[in-house]
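Secondary and tertiary structure notes
So you can see what is in the structure, the chains are spelled out below.
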Amino acid sequence: MKHKVLIRRCDRYDPGLIAGIIAEGMQELGAVPRGRVLCKPNVVLAHPELFPHAFTRAEFLEGALRAAKAVGQDLEELAVGERCGITVPTRFCFSQAGYPAVLKRQGVKAHYFDECPQVPVALGHAERLRGEMYLPRPVMDCDFLINLPKFKAHPWTRMTLSLKNFIGLQDDRHRLLDHNTFLEQKIVDLNQVVAPGFIAIDGIIAGQKMMLTPDPFDLGAIVMGTNSCAVDTVGCHMVNLDPSQVLHLKMASRRGLGPMSLEEIELGGDFPLDQVQAKTRDFQFCLERVDDYFAGGNLTCTVGAFPEEHSADYCWGGCPGALQEAVHILRSYYPDVDQRMGKVRYVVGRVEGPLKLAPGEKVFFAGACTCWQGEIDGQPVKIESDYPLYRQRQAREAPSNDLMLKTCQAMANCLKSRGRRWLHAGGCTMSVADHVHYLSYLAGVGNPNFDRRTLLPVTMAYWQMRGRRAWSRLSA
Ligand code: SF4
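Thresholds, definitions, all that
- Residues numbered from 1 in each chain as written.
- Predicted model: local features only at pLDDT ≥ 70, side-chain atom pairs only at ≥ 80, totals over all residues.
- Heavy atoms only, no water.
- Helix = DSSP H or I, 4+ residues; strand = E, 2+ residues; numbered from the N terminus.
- Expected span 1.5 Å × (residues − 1).
- Buried < 20%, exposed > 50% of the residue type's maximum accessible area, 1.4 Å probe, protein only.
- Arc of directions from axis to C-beta.
- Contact = heavy atoms within 4.5 Å.
- Polar contact = N/O pair within 3.5 Å; in protein donor to acceptor, adjacent residues only side chain to side chain.
- 1 Å grid on protein atoms, 1.4 Å probe; cavity = no way out; pocket = protein on both sides within 12 Å on 5 of 7 lines; lining within 4 Å.
- Points joined across faces, edges and corners; volume = space filled by probe spheres on them.
- Nonpolar A, V, L, I, M, F, W, Y, C, P; charged D, E, K, R; others polar.
- Near = heavy atom within 4 Å.
- Pairing = 2+ DSSP bridges.
- Domains from an automatic or database assignment.
- Buried area = accessible area lost by both parts, 1.4 Å probe.
- Salt bridge = Lys/Arg side-chain N within 4 Å of Asp/Glu carboxyl O.
- Core = buried A, V, L, I, M, F, W, Y, C linked by side-chain atoms within 4.5 Å.

Moving on, we get to helix α14 (residues 403-416). Between its terminal C-alpha atoms α14 stretches 20 Å, which fits the 20 Å expected from 14 residues at 1.5 Å a residue. All buried positions along α14 are accounted for by L403, K406, T407, A410, N413 and C414. Along the long axis of α14, the arc covered by the buried residues comes to 130 degrees, so they all point the same way. Facing away from the buried surface of α14 by more than 90 degrees, the exposed residues are C408, L415 and K416. For α14, the secondary structure elements touched by its buried residues are β18 (422-425), α15 (432-443) and α16 (455-474). Capping of α14 at its N-terminal end is provided by D402; its side-chain oxygen lies 3.1 Å from the backbone amide nitrogen of M404.

In structure tokens, the structure reads:
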């Protein structure tokens, strides 16, 4: 039996129009939400001016909620759950995305996954990364999961559609574990333990190149289906991309989670694939190594070798990609940052030989796997790797990636490095937020983590999150 995927035209963020399209999609696909229904949008980061195209829009969420109510039967609960990215409290991103008004209007509960109990889930399949992974309680308790991704290119995995959206199921402690050269496998593991009952991708305005700061692309489409591999395969073809170029899709399909060929998919809807492809001929991706991407500017990169055998030449899911996102965040906050920043060399991986630094150029040794030995300003410098091979790390022992703790650690590390022009920041993976801290310090530019436009609401959301998390532990 072929999996059916629908591409529907939708040219504006009108909740009524979107609700009608999604309700028709649910009916055509035979997807009837029942029992405890959980909607999982992509709210990796949100702000109306700084990050306007990174997230599933509030109007789209509202349309999906209305459709779920119209088509659903025996609904016990209708909720929205997410863990946004880069250690920022989900409450902050929900509020910036305009979600609270939608939740209130629709009488729907929010599950902030960073505030929920995390439940261990056993994995049994042969290709798994680990024997267990952690997921928030509301995900494990729901009867019907509606996946609501944003249609975006991605600088680490080429695309983020349905399969990749499940990275936002995990809290920070577990999310950054294996968010390195194992990212693609991790995505597949998440999809092995959780399956959506229905998927609707917000492709009305799609995102190009970056995932936190994408360039908008007027795609005018909603993509719907019930199988993540089938939906992602169609999503790739919509932007003229061979699905086998998306590694997690290839791995998921090989594991039997769904098809990766159009021959195994029945296409429907009112937006023919060839018309979509004609429209997206100039859709832009950004899967570039940082040493190429930043060549010629004040920030340059020296990339060495990486410790895991399957990916010794580059770490696609980890620190280098976080640097790219960090630079784009700096540009979002301070558009002239490229002109104002001092020279910085980013060094990652096992690097040998002299760095040939320019006068005054600062050095940022990034990540646990980075090692180098040589002289800077006539002084011997030895950076040693403390990278733990992934099998030596346990999910239940994953370190905290708490926002305040990480900020304090980064500030202390910066203070420690005063008087010299280099610093080493460890961790695997080093988060985007950490990259922002260190890069802004070394480059001598403002730090968006302390920017007045977001500092107060992020801090308030953080303390609310800590309070709610403590309450949920006490009442568990
Ligand atoms: S520490 Fe090394 S292996 Fe780990 S995410 Fe960073 S670059 Fe990748």
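By volume, the largest pocket amounts to about 420 Å³. K109, A110, H111, C116 and P138 are, among the 22 residues lining the largest pocket, the residues nearest its centre. At the level of secondary structure, the elements contributing two or more residues to the lining of the largest pocket comprise β2 (34-41), β3 (73-82), β4 (109-112), α5 (137-141) and α16. Broken down by element, the residue count for the lining of the largest pocket peaks at 4 residues, all from β4. Partitioned by chemical class, the residues of the lining of the largest pocket number 11 nonpolar, 3 polar and 8 charged.

This part takes up the site of the ligand. Near the ligand, the surroundings consist of 13 residues, among which C315, C319, A368, C369 and C428 are the closest. Residue composition of the shell around the ligand, by class: 8 nonpolar, 5 polar and no charged.

Across the 5 residues that make up strand β8 (residues 150-154), a large majority, 5, are buried. The side-chain alternation of β8 yields two buried faces, one formed by K150, K152 and H154 and the other by F151 and A153. Examined bridge by bridge, β8 and strand β9 (residues 158-160) share 3 bridges and lie antiparallel to one another. Directly across from A153, in β9, lies its bridge partner M159.

What follows deals with the domain arrangement of the protein chain. Once the domains are mapped, the protein chain shows domain 1 (3-279) and domain 2 (290-394 + 402-445). Each of domain 1 and domain 2 was reduced to a C-alpha centroid, and the two centroids are 31 Å apart. Roughly 2400 Å² of surface becomes buried between domain 1 and domain 2 when both sides are summed, with 63% attributable to carbon and sulfur atoms. Together, W156, N180 and T181 form the three largest contributors to the area buried by domain 1 at its contact with domain 2, with a combined 26%. Our count for the domain 1 to domain 2 interface comes out at 0 salt bridges. Here domain 1 is connected to domain 2 by 8 residue pairs in polar contact (both at pLDDT 80 or more).

Further remarks concern the environment of Q106. You can see Q106 is positioned in helix α4 (residues 99-106). Judged by its relative accessible area of 12%, Q106 falls in the buried class. Considering only alpha carbons, one finds Q106 and C93, 13 residues apart in sequence, at a separation of 19 Å. In contact with Q106, not counting residues within four places along its chain, are E62, L65, R66 and K69. Within the structure, Q106 has its side chain in polar contact with the side chain of E62 (distance 2.9 Å).

This paragraph deals with the nonpolar core. With 149 residues, the main nonpolar core has I22, F151, F198, M238 and F364 as its most contacted residues. In this structure F198 touches I22, G25, M26, L29, A31, F144, L145, I146, N147, M224 and G225, once residues within four positions along its chain are discounted. Counting residues in each nonpolar core, the second largest holds 10 residues, with V347, V351, V363 and I376 among its members.

Attention now moves to the pattern of salt bridges. Evaluated as defined, the whole model comprises 27 salt bridges. In this structure, E266 and K4 form a salt bridge, with 3.7 Å as the shortest nitrogen-oxygen distance. Note that E266 is positioned in strand β12 (residues 265-269) and K4 in strand β1 (residues 3-9), a separation of 262 residues in sequence. A salt bridge links K209 to D215, with the shortest nitrogen-to-oxygen separation between them at 3.2 Å. Accessibility expressed as a relative area gives 26% for K209, which makes it partly exposed. Via salt bridges that share partners, K4, E28 and E266 belong to a single interconnected network.

Our next topic: empty space enclosed by the protein. Under the defined criterion, the tally for this structure stands at 4 cavities of 30 Å³ or more. By volume, the largest cavity amounts to about 320 Å³. What lines the largest cavity is a set of 26 residues, and nearest its centre among them are V44, I167, R175, H179 and M211. When contributions to the lining of the largest cavity are tallied by element, the ones reaching two or more residues are β8 and α6 (172-175). Tallied by class, the residues present in the lining of the largest cavity amount to 9 nonpolar, 10 polar and 7 charged. Each of two domains, domain 1 (3-279) and domain 2 (290-394 + 402-445), supplies a minimum of three residues to the lining of the largest cavity.

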